[in-house]
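# Understanding the architecture of this molecule
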Amino acid sequence: MSKSSASIPRPLVRTNQWFIFLSVVATWLTGQAWILLLPLSAGLLGMFFNFNPVMRVAALFLKKKPSEYIPEDKDQQQFNQLIAISLLVLGFISYTLNWTGLALAATVMVAAASFIAILGFCVGCFIRFRWQQYRYQKTQNQ
């Protein structure tokens, strides 16, 4: 018996990616690090309480049933969100400590990954795939 994986409709995932990207760009343009707390808090709520307010609001605007959209794997999206959360935390703390170089590095990575995902290539998916392959090959060599 195969276990069916939960999924998230692609428009909700895309909305979250845009929210992350635009929040980082707004932080760069305004110099206000607190803006990073918006996608960070949404991501943390999604990870720990299965309630991402950005996706919840976006769901109100879906024109079809969620099952009629291209599905995105929930486990993969959780992995991607974990990477985004980590980089947003690093970026926010770095901005707060005036470590501008590290802050920019972290926020550039999360902005680039979210924008590249919007364009169709998932960096987090690639990382997770390579990690799973590494673990599989490691078990094969034992």
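Structure's up top.
My aim in this report is to walk through the structure given alongside it, one point at a time. As the structure is a computational prediction, the values presented were derived from the model and not from experiment.

### So, the overall build of the chain
When helices and strands are tallied, the chain shows six helices and two strands. When its helices and strands are written in sequence order, the chain yields β-α-α-α-β-α-α-α. Counting only C-alpha atoms and orienting by the principal axes, one finds that the chain spans roughly 50 × 50 × 30 Å. Counting the 142 residues in the chain, one finds 33% classified as buried. Nonlocal contacts in the chain, meaning residues at least 24 apart in sequence, comprise 73% of its contacts between residues at least 6 apart.

### A closer look at the nonpolar core
Looking at soluble globular proteins, one finds that nonpolar side chains tend to be buried together. By size, the foremost hydrophobic cluster in this structure holds 15 residues, and its most contacted members are Val24, Leu36, Leu88, Tyr95 and Val110. Taken together, the elements giving at least two residues each to this core come down to helix H1 (10-30), helix H4 (74-96) and helix H5 (100-119). Tallying contributions element by element places H4 first for this core, with five residues. Ignoring anything within four residues of it in the chain, the contact list for Tyr95 reads Thr27, Trp28, Ala33, Leu36, Ala103, Leu104 and Thr107. Core analysis: the next-biggest nonpolar cluster, separate from the first, contains seven residues, Val13, Met55, Ala58 and Leu62 among them.

### Let's talk about the state of the cysteines
Tallied over the entire structure, the rule returns one disulfide. Bridging Cys122 to Cys125, the disulfide has an S-S length of 2.3 Å. Between Cys122 and Cys125, the disulfide has an S-S torsion of 75° and is therefore right-handed.

Reading the values: rules and limits
- Residues numbered from 1 in each chain as written.
- Predicted model: local features only at pLDDT ≥ 70, side-chain atom pairs only at ≥ 80, totals over all residues.
- Heavy atoms only, no water.
- Helix = DSSP H or I, 4+ residues; strand = E, 2+ residues; numbered from the N terminus.
- Buried < 20%, exposed > 50% of the residue type's maximum accessible area, 1.4 Å probe, protein only.
- Contact = heavy atoms within 4.5 Å.
- Core = buried A, V, L, I, M, F, W, Y, C linked by side-chain atoms within 4.5 Å.
- Disulfide = S-S within 2.5 Å.

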